[in-house]
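# Descriptive analysis of the structure
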Amino acid sequence: ASKGGDDSSLRAKQPKSDVPVPMISKNNRQYNNNTGLPKWVTDYMKWHRSMRAKYPNEQLITDPDAPKLLVRVCNGRCGGLHDRLGQLPLDLYVAHQSNRLLLIEWQFPHALEEFLVPPDESDANTDEYIDWTYPGQLIDKKKKREWSDIVNAGKMRQKDEVDDFDAFIGNSIDRLNTAVVHEYRKDPLAERFKALDENDAIYGTASYGRIFNAFFKPSPKLQEMLDQLYKDLNLVPREYSTVHCRVRHPFAYNRGSKIESGKYVANSDYQNFDFEGVFKESSVSIATHALKCAISKGFHQEESIYFMSDYSLLVNYMTQDFSKVELETANDNRYESEAAKVASAARVVSRPISGITYHIDKQNARGVDAYYGTFLDLYLAINARCLALGIGNYAAFASEISGTDCVIRYSREKWGLGVTRKDNNFICQQFKSIFDEGFN
């Protein structure tokens, strides 16, 4: 693969009859004046739409002259929302460089179209929309076209990663069955664009959110639920803050930490721990610390705080009417007293939650209704004026889409992959839980 300049050496074999989209080069570094997106992105979207129009429905699969496909498939364990969708700019780049149509096909926990659907020309007066839906059922290898023409973008694992980005891109286009997890390739992708005099690195810019919105809008049912939720909670987009607490993530705790029963606290991501004892104390203390950060660093006195968490019992606890709690009883547990004072200092609200909050990857064998909350909270975070976040990628993903400049980090991961997520916004003191104090 080349080391910069014209990326034409990375071009895969082209379809028989269709003109490919222009490759990125120093000679065509331009922006689309209507959208603010790099011209290579809008050129690709225009080409993508023209190919879908030329090969409608299953002709995209069966016609031998149709362009090759790059499909982001989830047919098992694929991670959370960020792991599945956060690499979209890189997928788009590889699809552009290889002249393939980028599509998305989820089978677990359900079809993505249950929650998100493509926009169309009626949604905006721009060229920012793309139809990523896979036509029909996932292709059978015995269909007319060779399987090598229709490949899964989600096969790569950490052990397959290479240090050299050029080699990675070259391998991706040569094999076309690879992808990147987490945020491993942000900086190298930015360096690639810099070498091409392309000033927009996508990640960390407004283009990230524009690309997400060009691919996705809420499904009709999700939009109906969002509209009702905003009405019920009396919230207006960009006029409230959001606090996210991922208290069931294993990276939130020191390795080997256990609760009273002897269970490892890291297993709470898979198991349903009771809201009691040290797990309750730790969860409530994390939420209290997060609210303190939001109130002291970015909160506007007149606005509400939307509180969300991967632990439904914590959400219900932190958004209860603390005026009904006898503080004498709360004072028996200092952390509960502190939570009552902090949560009562602002209007803290949440969506109604009954039952368990299910993770789309780690608890993926439920009905479709079990997962709407994941997407509701994502949009509530995207539309917040200010966002306080801690462990995990979920809320950081929302902040990347929204482009807000008010992001407050209140906690870092204790161990794991060491991925940096908006560390320049780390402005609160690192939280120390009861597990840091030696409880085992």
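### What to know about the pattern of salt bridges
Tallied over the entire structure, the rule returns 10 salt bridges. K39 is the salt-bridge partner of D43, the closest N and O atoms lying 3.0 Å from each other. Here the residue D43 and the residue K39 both occupy positions in helix α1 (residues 39-54), the gap between them amounting to four residues, near one helical turn. By relative accessible area, K39 is classed as partly exposed at 29%. Here K292 ties to E338 by a salt bridge, and the two come within 2.7 Å at their closest N and O atoms.

### A closer look at helix α9 (residues 277-297)
In this model, α9 (21 residues) spans 30 Å end to end at C-alpha, consistent with the 30 Å of a helix rising 1.5 Å per residue. Judged by how many residues are buried, α9 sits mostly within the fold: 15 of 21 residues are covered.

### Points about the sheet that holds strand β6 (residues 240-245)
If you walk across this open sheet you meet the five strands as β8-β7-β6-β9-β10, and the pairing is parallel. Of all the strands in the sheet, just β8 (348-349) and β10 (407-409) have a single pairing partner and so form its edges. Sheet topology note: the strand β9 (residues 386-389)/β10 ladder contains three bridges and is parallel. Looking at the pairing, A388 lines up with I408 of β10. Sitting on the sheet, helix α14 (residues 394-402) is in contact with β6, β7 (304-309), β9 and β10, with an inclination near 155 degrees to β9.

### A short note on the packing of α9 against helix α12 (residues 334-343)
Contact geometry for α9 and α12: axes closest at 9 Å, N-to-C directions at 30 degrees. The orientation of α9 with respect to α12, classified from their angle, is roughly parallel. Between α9 and α12 lies a crossing of left-handed hand. In contact with K280, E281, V284, S285, T288, L291, K292 and I295 of α9, α12 contributes Y335, E336, E338, A339, V342 and A343. Here the residues of the contact of α9 with α12 sort into seven nonpolar, two polar and five charged.

### Quick look at the packing of aromatic side chains
In this structure the tally under the stated criterion is 15 aromatic pairs. Ring geometry for F273 versus F279: centroids 5.3 Å apart, planes at 70 degrees, classification edge-to-face. The residues F273 and F279 share a single accessibility class, namely buried. Here the aromatic residues W132, Y203, Y208, F212, F215, F216 and F397 are joined through ring pairs into a cluster of three or more. The ring of Y129 carries the charged tip of R49 above its face, separated from the ring centre by 4.3 Å.

### Overview of the confidence of the model for the protein
Here the protein shows a mean pLDDT of 76. Residues at 70 or above account for 71%. Across residues 1-33, where pLDDT falls below 50, the model places 94 contacts with residues more than four positions away in sequence or in other chains. Overall, residues 140-148 carries pLDDT values under 50, and its contacts beyond four positions in sequence, including any with other chains, amount to 13 contacts.

### Thoughts on unusual backbone geometry
Put simply, F108 and P109 share a cis peptide bond, and its omega is -5 degrees. Here P109 shows up in the loop between β2 (101-106) and β3 (116-117). Despite not being glycine, N57 shows a phi value in the positive range, around 50 degrees. Examined against the element boundaries, N57 turns out to sit in the loop between α1 and α2 (59-62). Despite not being glycine, R238 shows a phi value in the positive range, around 70 degrees. When you line up the elements, R238 lands in the loop between α8 (220-233) and β6.

### Overview of the state of the cysteines
If you walk through the whole model with that rule in mind, you get two disulfides. In this model, C74 is linked to C78 through a disulfide, with the two sulfur atoms separated by 2.1 Å. Judged by the torsion about the S-S bond (105 degrees), the C74/C78 disulfide is right-handed. Overall, the relative accessible area of 1% leaves C74 in the buried class. The side chain of C386 participates in a disulfide bridge whose partner is C406; the two sulfur atoms lie 1.9 Å from each other. Given an S-S torsion of about -60 degrees, the disulfide between C386 and C406 has left-handed geometry. Here the residue C386 occupies a position in strand β9, and C406 occupies one in the loop between α14 and β10, the gap between them amounting to 20 residues. Given a relative accessible area of 3%, C386 falls into the buried group. Assessed through its relative accessible area of 14%, C406 is described here as buried.

Rules of the game
Residues numbered from 1 in each chain as written. Predicted model: local features only at pLDDT ≥ 70, side-chain atom pairs only at ≥ 80, totals over all residues. Heavy atoms only, no water. Salt bridge = Lys/Arg side-chain N within 4 Å of Asp/Glu carboxyl O. Helix = DSSP H or I, 4+ residues; strand = E, 2+ residues; numbered from the N terminus. Buried < 20%, exposed > 50% of the residue type's maximum accessible area, 1.4 Å probe, protein only. Expected span 1.5 Å × (residues − 1). Pairing = 2+ DSSP bridges. Contact = heavy atoms within 4.5 Å. Axes fitted to C-alpha atoms, helices over the stretch in contact; angles between N-to-C directions. Parallel < 35°, antiparallel > 145°, perpendicular 65-115°, else oblique. Left-handed = near helix turned anticlockwise from the far one by under 90°. Nonpolar A, V, L, I, M, F, W, Y, C, P; charged D, E, K, R; others polar. Phe/Tyr/Trp six-rings, centres within 6.5 Å; stacked < 30°, edge-to-face > 60°. Lys NZ or Arg CZ within 6 Å of the ring centre and 35° of its normal. pLDDT = per-residue confidence, 0-100. Disulfide = S-S within 2.5 Å.

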